[in-house]
Amino acid sequence: KYGVDLSRFSARPRHHRSKPVVLTVARKVEEKGLKIWNMLNAELGDQLDFRWLDAVPYKSIAKEYKKADIFLLPSIKTKTWEEQYGMALIEAMACGLPIITTNTGAIPEVVGSAAVLSNPDFNSIKANLLKLAESNNLINKYQKLSRSRAVKYFDTLKQSHLLTELY
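Given the structure is predicted, the values throughout are model-derived calculations rather than measurements.

Student: Describe the sheet that holds strand 1 (residues 21–25), and please don't skip the residues or the numbers.
Tutor: The five strands are arranged 2-1-3-4-5 in an open sheet whose pairing can be described as parallel. The sheet is open, and its two borders are formed by strand 2 (49–53) and strand 5 (116–118), each paired with just one other strand. Strand after strand, the sheet turns through a mean of 25 degrees between neighbouring axes, direction not considered. In terms of strand pairing, strand 4 (residues 99–102) meets strand 5 through three bridges, oriented parallel. Within the sheet, the bridge partner assigned to Ile100 lies in strand 5 and is Val116. Taken strand by strand, helix 1 (residues 34–44) contacts strand 1, strand 2 and strand 3 (70–73), and its axis lies near 155 degrees from that of strand 2.

Student: Outline helix 6 (residues 136–153), supporting the account with residue identities and numerical values.
Tutor: With 18 residues, helix 6 ought to run about 26 Å at 1.5 Å a step, and its terminal C-alpha atoms sit 26 Å apart, in line with that. Looking only at helix 6, the buried set comprises Ile139, Tyr142, Gln143, Ser146, Arg149 and Ala150. The arc that holds every buried residue of helix 6, seen down its axis, measures 140 degrees, which confines them to one face. Residues of helix 6 that are exposed and point over 90 degrees away from its buried face: Asn137, Lys144 and Lys152.

Student: Hey, could you go over the pattern of salt bridges for me, with residue numbers and the actual values?
Tutor: Overall, the coordinates contain eight salt bridges when judged by the stated rule. Residue Glu64 pairs with Lys67 through a salt bridge whose shortest N-O separation is 3.2 Å. Using a relative accessible area of 22% as the deciding quantity, one classes Glu64 as partly exposed. Each of the salt bridges in this network shares a partner with another, and the network as a whole consists of Arg12, Arg17 and Asp69.

Student: A description of the packing of aromatic side chains should follow, citing residues and the corresponding values.
Tutor: Under the counting rule described, the total for this entry stands at seven aromatic pairs. Each ring, one from Phe9 and one from Tyr65, has its centre 6.1 Å from the other, and the planes form 65 degrees; the classification is edge-to-face. You can see Phe9 sitting in the segment before strand 1 and its partner Tyr65 sitting in helix 2 (residues 58–66), a full 56 residues away along the chain. Under the relative-accessibility criterion, Phe9 is labelled buried at 1%. For Tyr65, a relative accessible area of 0% puts it in the buried group. Aromatic side chains Tyr65 and Phe71 sit 5.9 Å apart centroid to centroid with 40 degrees between the ring planes, which places their arrangement in the tilted category.

About the criteria used
- Residues numbered from 1 in each chain as written.
- Predicted model: local features only at pLDDT ≥ 70, side-chain atom pairs only at ≥ 80, totals over all residues.
- Heavy atoms only, no water.
- Pairing = 2+ DSSP bridges.
- Helix = DSSP H or I, 4+ residues; strand = E, 2+ residues; numbered from the N terminus.
- Axes fitted to C-alpha atoms, helices over the stretch in contact; angles between N-to-C directions.
- Contact = heavy atoms within 4.5 Å.
- Expected span 1.5 Å × (residues − 1).
- Buried < 20%, exposed > 50% of the residue type's maximum accessible area, 1.4 Å probe, protein only.
- Arc of directions from axis to C-beta.
- Salt bridge = Lys/Arg side-chain N within 4 Å of Asp/Glu carboxyl O.
- Phe/Tyr/Trp six-rings, centres within 6.5 Å; stacked < 30°, edge-to-face > 60°.

Below, the structure is given as structure tokens:
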């Protein structure tokens, strides 16, 4: 896939709740930052509602993004793997979610300035996650940046036209 259906993956009004939902959509494996995620959940679970989805039918996934307040992808580099295209990042941007992720692999290219980039370690991710979760101004800023980037670069209709023009 080169993009997402922006009518399906759309922004929704922000939930105002005392315990924001932090969503991760990924395989539950080391390279997706599972250890860091577990540490965050253990330490910050009283402040934030951490949810990890690894097996949701694609027809239902857009609804799951819309239940979240922040998207977290704590990917790390291993000896044999680095994050590449990151479809979950694109889906989260399309839904206008503020994103906390790591500066590994192709992630910086995918998210540009529309996400808070962290070093791939617990302390960096924790600090950035707390900073974002505690600031309405930052949340609003990254919601707008996320959706704008998805519209500009990852709209399936635009991407299909670009591919058609190549051939």
